[in-house]
Amino acid sequence: LYDAKRRRRGLVPASLDTPEAEELLRAITDGELVVRYQPVVELRTGRLAGVEALVRWQHPERGLLAPDTFLPLAEATGVVDLLGARVLRAACHEVKAWQDRTGCRASVAVNVSGAELASAAYPARVLRALDDSGLAPSDLVLEVTETAFMDVPTMDASLSTLRRSGVRIAVDDFGTGWSTLSRLDQLPVDVLKLDKSFVDRVVPGAGCTPVVDAVLALARALDLEVVAEGVESAHQVTALRDAGCDTAQGYHLQRPVRLEEVDVSRAVHAAA
Ligand code: C2E
Ligand code: CA
Ligand code: CA
Ligand code: CA
């Protein structure tokens, strides 16, 4: 990657040259990235529906770093492709082992960057990760942001391929990006993740907001599942459940943790 000739030919983004970028690339190849998992809870029953895989950098000096400290650099340098591949493989292997250990059949959602989706090799990479780990395709959800949906023209085909093999697709941060609304009925998707900014406006004294109610109605009409993100209060859990929202995740239910710390019984009580 540091080969000067390739760099001159423009095959390597110039910004990979900085010490920060070199350190990030080294960290990825040295296995310093780890995955934390945040439970997704079924609101009607309180059951654990799945977990979302969230990347962290276990930095030798600076401790456990959140993605906002290194993802922008990973995206700018193209390293996000390698990062995503590592997270996907780790998540499939770790969740399959956890399923076998606990007897629990929860799914795992993995965040996908636009750069990964732009690669024609992406579907094969996902299928290989499933094959190698033994995770069932129906236990994997790929989370794609609205913006990535609009930016990557080849994406519908890739996602359709994966969907045919049983993998589910979620629109992440729904309602915040380049609106997918006009194409929503044609996109190869199964799940809408209602962005935290909408959940934040659900406050005591009323039910859900008109916008949340409208998204839930839209999802029902299109037969899509809804996951509410960033639920921080008991009131939000009740209001979302009463409005017919299927599932939710947030600090009120559980923060991102190691898989061993995902407590099925606690998840059951959290939304009861
Ligand atoms: P996201 O996909 O929207 O993930 C949800 C973020 O909200 C996570 O932040 C999660 O820890 C946080 N969160 C969950 N519940 C609550 C809550 O109740 N209150 C608040 N204030 N926050 C809550 P995190 O882990 O820092 O990740 C940030 C973003 O980084 C993610 O946003 C996602 O876009 C991106 N990301 C994380 N892991 C990956 C990855 O493996 N690949 C890619 N491409 N992006 C990732
Ligand atoms: Ca996500
Ligand atoms: Ca999200
Ligand atoms: Ca979000």
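Here the structure is a predicted model, which is why all the values come from computation and not from measurement. (Residues numbered from 1 in each chain as written. Chains lettered and ligands numbered in written order. Predicted model: local features only at pLDDT ≥ 70, side-chain atom pairs only at ≥ 80, totals over all residues. Heavy atoms only, no water.)

Caption draft 1: Structural context of the site of ligand 1. Taken together, 20 residues are adjacent to ligand 1, and Gln38, Arg56, Asp172, Glu232 and Tyr251 come closest. Here an oxygen atom of ligand 1 and a side-chain polar atom of Glu52 are 3.2 Å apart. Tyr251 is positioned with one of its backbone polar atoms (N or O) 2.7 Å from an oxygen atom of ligand 1. With the chains in place, 79% of the 800 Å² that ligand 1 exposes on its own is no longer accessible. One can see that ligand 1 is located within the largest pocket. Put simply, the parts of the chain that give the shell around ligand 1 at least two residues each are strand S2 (48-59) and strand S6 (168-174). The biggest single contributor to the shell around ligand 1 is S2, with four residues. Tallied by class, residues from the shell around ligand 1 come to eight nonpolar, five polar and seven charged. (Near = heavy atom within 4 Å. Polar contact = N/O pair within 3.5 Å; in protein donor to acceptor, adjacent residues only side chain to side chain. Areas by Shrake-Rupley, 256 points an atom, 1.4 Å probe, with all protein chains shown as cover. 1 Å grid on protein atoms, 1.4 Å probe; cavity = no way out; pocket = protein on both sides within 12 Å on 5 of 7 lines; lining within 4 Å. Sits in = over half its atoms within 2 Å of the grid points. Helix = DSSP H or I, 4+ residues; strand = E, 2+ residues; numbered from the N terminus. Nonpolar A, V, L, I, M, F, W, Y, C, P; charged D, E, K, R; others polar.)

It is worth stressing that arrangement in space is one thing and function is another; only the former is reported here.
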